Amino acid sequence: MEYNENMKSITSRQFAIAAFLVIMAQKIFLLPTMMVKTGGASGYISVIFVLALELAVLLLIMFTIKMQPNRSLYNLLDKGAGKVGGRIIAALMLFCLSLKLMLLVSEIRVFFNINLQEGLSEWVAQISAGVFLFAVGTKTLRGIGRLAEITAPFILGVMVLMFLLVVGNVQFDRLLPVLSGGFAPILKNMSLYPLWFGDIPYMLIFLGQIKKDKRFFLYAPVGAGLGAVIALFFSSVLFMAFGGIPHLLDYGNNISTMLFYSATSYMMGRFDLILFSVWIFTLFIQFALVFYFLTRNLKYIFGANGNRLVSLAGAIVVFTMATFIFTEEYPLYYFCTQPIVRFAALFNNYLVPLFVFLIAVVLKIRQNKRVSGELLQPIFSAKIKQRSRNSEA
C-alpha cells in the first residue's frame, strides 16, 4: 500500500457530484459559441461524440480505482514508467493544466465583464483568484468534495429553472437535417478543441483518495450521465438558435446571452443572468480541482514536501500568466487551438488515463498470482512432505 497524504479523503457520493459538475462546466459556456462558428448547426453531434469519450474515460478511472483503491496517480506512474518517466508524463500534464487554468480564468472574466457589464480591475480580480487558489492548494481534496456537495443542489435547481425558461421555445427541427455538411465540420470541432473538452481526465487526481463503497459504480455514472445530458441539451439550444447565423455570435456570447432572445426572457427580464451567476460556481469548482492537480504535479516532479510552497508558486504562475501573458481572449483561444497544444491535450485526455488503467491491470494480475501462490504453497508443501515420507518408507 502506498501512503498518500490525502488518502480516503472523499466519499463516493462526492466523487459522483464532482463528475456531474466537471463534465458540464465548460461545455455550456463559451465552447458552444466556438463550435457553432466552426461546425454550424451539426456541431451538437461533436458534443455527443466527445461526451461519449469523456464517459469512457470516467469508466477507465473507476475501474482503476476498483483494482488499485490504495494507489495514487503518482504511485501508478512510478510503477508503470519509473520515477523519471513518471515525472516526464507529469510535466507534460502540467503544460495542459496551466493552459486549462487560463481558459477557466478567461471564461470567468468574460462572464463578469461582458454579461454582467462589470469592469473589474484585472489586478484586483487576479489577486483575489490567486488567494482563492492558494487556499485550495494548501488543503486536501476533501474541501473540494464538500464544496461540490454543498453547491450541487443549487446548481441543479438553477439548471431546472433555465430549462423551463427555454423549453417552450426550443425547436428541435432546426437540428435537421443531420450531418447536412458531412463529417468534416464534426471532425474539425473535435480536433480543434480537445483542451476545452477534456474535463473528466482531471479526476485522475482522485485515485487512491476515495472511500469506495458498494454504490460507487452507481453514483459516478449517474452523476456524470446527468451532467452530460444537461451539457448536450443547453449546447444544442445554442446550435438551434444560431446554427444558421453563426456570424452573429462573438466570444462574449454564451447560453446566458442566447436566453435573452427567448420570449420568456423578454417577459421576465434578465432573470437568466441571476441563474447563471449561481451556475458559474461550476467553473470555480473546476478551477479549484485543476489547480489542486497542478500543485500535486509540482510536488511529484520536484519532490517537494508540504503544500504551502507549491501552492504559492502555482498561484504566482497563474497570476503572472493571466495578468501579463494571456490578457485577451482571442490570442489565448488561438494559441490553445495550435497543433502542439491539441496533441498535448489529446495525450493528457486519453492516453494518460488509458496508460494508468493498463498499469492497474498489470499490477492486479501480479497481485492475483501472488495470492494464488500463497494459497497453493501449503498444498505443495504438504505434497512434498508426503513424498518424502513415502520415499523413506
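Now for a quick tour of the structure.

What about a positive patch on the surface?
Where like charges cluster on the molecular surface, the positive patch consists of Lys79, Arg366, Lys369 and Arg370. When residues in the positive patch are grouped by element, the largest group, 3 residues, is from helix α16 (residues 339-392). In this fold, Lys79 is placed in helix α4 (residues 73-115).

Some words on the side chain of Gln68
In this structure, Gln68 sits in the loop between α3 (43-67) and α4. In this structure Gln68 comes out as buried when scored by relative accessible area, which is 4%. From its side chain, Gln68 meets the backbone oxygen of Ala360 in a polar contact 3.4 Å long. Residue contacts for Gln68: discarding those within four places in its chain leaves Leu76, Ala360, Leu363, Lys364 and Gln367.

Remarks on helix α2 (residues 31-39)
Counting buried positions along α2 gives 7 out of 9 residues, so the element sits mostly inside the fold. Residues Leu31, Pro32, Thr33, Met34, Met35, Val36 and Gly39 constitute the buried set of α2. Gly40 sits one or two positions beyond α2 and adopts a positive phi of about 70°.

Section: the packing of aromatic side chains
Overall, the coordinates contain 15 aromatic pairs when judged by the stated rule. Ring geometry for Phe132 and Phe287: centres 6.5 Å apart, planes at 20°, overall stacked. Within this pair, whereas Phe132 is found in helix α5 (residues 122-137), its partner Phe287 is found in helix α13 (residues 281-302), the two being separated by 155 residues in sequence. Accessibility expressed as a relative area gives 29% for Phe132, which makes it partly exposed. Arranged with centres 5.1 Å apart and planes meeting at 55°, the rings of Phe163 and Phe233 form a pair that is tilted. Taken together, the positions of Phe163 in helix α6 (residues 141-166) and Phe233 in helix α9 (residues 216-242) put the pair 70 residues apart, joining distant regions of the chain. The buried category is assigned to Phe233, whose relative accessible area is 17%. An aromatic cluster of at least three residues, connected via ring pairs, comprises Phe15, Phe63, Phe206, Phe216 and Phe217. Lying across the ring of Phe217, Lys66 places its NZ or CZ 5.5 Å from the centre. Over the aromatic face of Tyr300 sits the side chain of Arg87, whose NZ or CZ is 4.3 Å from the ring centroid.

Thresholds, definitions, all that
- Residue numbers run consecutively from 1 along every chain, following the written order of its sequence.
- Per-residue local features are limited, in this predicted model, to residues with pLDDT of at least 70; the limit for side-chain atom pairs, both in listing and counting, is 80 or more; totals at the level of whole chains, interfaces and linings are taken over all residues.
- Only hydrogens and water are removed before side-chain values are computed, so all heavy atoms of the structure are retained for them.
- Only residues above 30% relative accessible area that lack a salt bridge enter a patch, with like-charged residues linked at up to 9 Å and the nonpolar side chains Val, Leu, Ile, Met, Phe, Trp and Tyr linked at up to 5 Å.
- A 1.4 Å probe and the Shrake-Rupley method give the accessible areas. Residues count as covered only by the protein chains that appear here.
- Any carboxyl oxygen of Asp or Glu that lies within 4 Å of a side-chain nitrogen of Lys or Arg is treated as forming a salt bridge with it.
- By the counting scheme adopted, Arg and Lys are positive, Glu and Asp are negative, and His together with the chain ends is not counted.
- Lysine's charge is taken at NZ, arginine's at CZ, aspartate's at CG and glutamate's at CD.
- A run of H or I in DSSP becomes a helix once it reaches four residues, and a run of E becomes a strand once it reaches two; helices and strands are each numbered from the N terminus.
- Type-normalised accessible area, obtained with a 1.4 Å probe on protein chains alone, sets the label of each residue: buried when under 20%, exposed when over 50%, and partly exposed for intermediate values.
- Distance and chemistry together define a polar contact, namely a pair of N or O atoms within 3.5 Å, with one atom able to donate a hydrogen and the other to accept it when in protein, and with adjacent residues in sequence counting only for side-chain atoms on both sides.
- Working rule for contacts: check all heavy atoms of both residues, and any pair within 4.5 Å makes them a contact.
- Aromatic pairing here means that ring centres of Phe, Tyr or Trp (its six-membered ring) are within 6.5 Å. Orientation follows from the plane angle: under 30 degrees is stacked, over 60 is edge-to-face, and everything else is tilted.
- Any Lys NZ or Arg CZ that is within 6 Å of a ring centre and within 35 degrees of that ring's normal is treated as a charge sitting over the ring.

Nothing here speaks to function; it is all geometry.
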